[in-house]
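Take a look at the letters that make up each chain.
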Amino acid sequence: MFRHGHGGYVRGMENILRPSIVVGGSVVLTLLIGWATDLLLRKADARHPETPLWGLLRRARIPYQLVLCAALLRGSYVEAQVFPSHRVGIGRTLTLVLIASAAWLVIRIAAAVVETSYSRYAHAHARRDPARVRRVRTQVTLIMRAVSAVVSVVAVASGLLTFPEMRAAGASLLASAGVLGIVAGIAAQSTLSNMFAGFQIAFGDMVRMGDTVVVDGEWGTVEEITLTFLTVRTWDERRITMPVSYFTSKPFENWSRGTPQMTGTVFWHLDHSAPLDAMRERLRDILRECPAWDGRDYNLSVTDTTPTTMQVRALVTAKDADDVWTVRVTVREEMLRWLAAEHPYALPRVTTADAVLPPRRDGLPRQPSRDGASRRRPPHPAKEL
């Protein structure tokens, strides 16, 4: 009796200690391996400051530890007899955690490698070819989004296949895959077109992150590009979000295409007596004092006339869209201030003199009446006879 009771006590303690040792040992081993790996990454980051790879890989320590812990528990929970009555559910849960954490780890590692490659490329070409750097940045962003989407889909599919019901339904799903593909293609036509347009923008070099564009009359900078939409930050800090298919189906202005140098125009409506030669000299002085002018070219000429005014246009140059805007507003303001102070007669005027009325049919001049209407002079006495 005593032996039987002692054996049951030992088995009971064994049933408690074995799962505790396995679970606790897996957690402790995971923490030790994670700490050692993080220590090695920190030392590598300190030894190689020229590359951000090791510092970026440290961001993956959480999914890395989850993968280790889930793998250790998945391989030992059966022998440890952890909740033997729920063995199937525990095994399936650990498998799902392992799949999800592995997908998370793959995405973090891919992001670290891609970001490191882009950083090296941007550091080497930022000054010589900033447009190409923006293009590579756009491509890298879209590639990472595509990789994340593919890894997520594979992880979800792998998780679903852990259920026997899903494996049993695989044959019927494959049989109806053609019909489902057609239905899904029709339903997601707009989404698919935007995704293909996103890849076309990324690798066709149509628009890049950081480009200055004009879309539907709105001027702004491309701030974000995804597989389905694009965000433009306007000059007044608004965000315009539109599908990427817009940029493959409709015309738009890309001021950063090619070289970022730009030519701006400034218009004035002035009197015909405006001193054009003096205005050209004043324009030269204004531009020399404006830091935003790149010194390439300037010009001032009369482009149109009306019965009362003439249109004067100034051409100015700058290294990019922001500077050309600064030059334009500076030239417009300083020229108007100078004309008002030195040549006020050159500004448009409103004529207030009385109009000269045409002569009468009999050759006598008309006289304006008090109310502004014309009236005839009294007839000549000799003509009344």
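In case you missed it, the structure is sitting above this.
Keep in mind the model is a prediction, meaning the values are calculated, not measured.

Caption draft 1: Structural context of the pattern of salt bridges. Inspection of every chain in the model, using the stated rule, returns 14 salt bridges. The closest approach of N and O atoms between R284 and D285, which form a salt bridge, is 3.6 Å. Taking relative accessible area as the criterion, R284 reaches 29% and is therefore assigned partly exposed. Connected through shared salt-bridge partners, R282, E333, E334 and R337 make up one network.

Caption draft 2: Up close: the nonpolar core. Residues W268, M279, L300, V327, V331 and M335 are the most contacted members of the largest nonpolar core, which totals 26 residues. Every element with two or more residues in this core is listed here: β6 (262-270), α11 (276-288), β7 (293-305), β8 (310-318) and α12 (321-342). The element that contributes the greatest number of residues to this core is α12, accounting for seven residues. When sequence neighbours within four positions are dropped, the list of residues in contact with M335 reads W268, M279, R282, L283, I286 and L300.

Caption draft 3: Molecular detail of the pairing of β7. Taken together, the eight bridges between β7 and β8 define a ladder with antiparallel strand orientation. Bridge assignment links L300 to a residue of β8, and that residue is A314. Taking the residues between adjacent antiparallel strands as the criterion, β7 and β8 are bridged by four residues.

Caption draft 4: Representation of unusual backbone geometry. With phi around 70 degrees, E237 is a residue other than glycine that occupies positive phi space. Look at E237 and you get exposed, because its relative accessible area is 61%.

Caption draft 5: Spotlight on the packing of α11 against α12. Remark: α11 packs on α12, axes separated minimally by 10 Å, with the N-to-C direction vectors making an angle of 130 degrees. Taken together, the axes of α11 and α12 are oblique relative to one another. The way α11 lies across α12 gives a crossing that is right-handed. Where α11 approaches α12, its residues A278, M279, R282, L283, I286 and L287 are matched on the opposing element by V327, T330, V331, E334, M335, W338 and L339.

Rules of the game
Residues numbered from 1 in each chain as written. Predicted model: local features only at pLDDT ≥ 70, side-chain atom pairs only at ≥ 80, totals over all residues. Heavy atoms only, no water. Salt bridge = Lys/Arg side-chain N within 4 Å of Asp/Glu carboxyl O. Buried < 20%, exposed > 50% of the residue type's maximum accessible area, 1.4 Å probe, protein only. Core = buried A, V, L, I, M, F, W, Y, C linked by side-chain atoms within 4.5 Å. Helix = DSSP H or I, 4+ residues; strand = E, 2+ residues; numbered from the N terminus. Contact = heavy atoms within 4.5 Å. Pairing = 2+ DSSP bridges. Axes fitted to C-alpha atoms, helices over the stretch in contact; angles between N-to-C directions. Parallel < 35°, antiparallel > 145°, perpendicular 65-115°, else oblique. Left-handed = near helix turned anticlockwise from the far one by under 90°.

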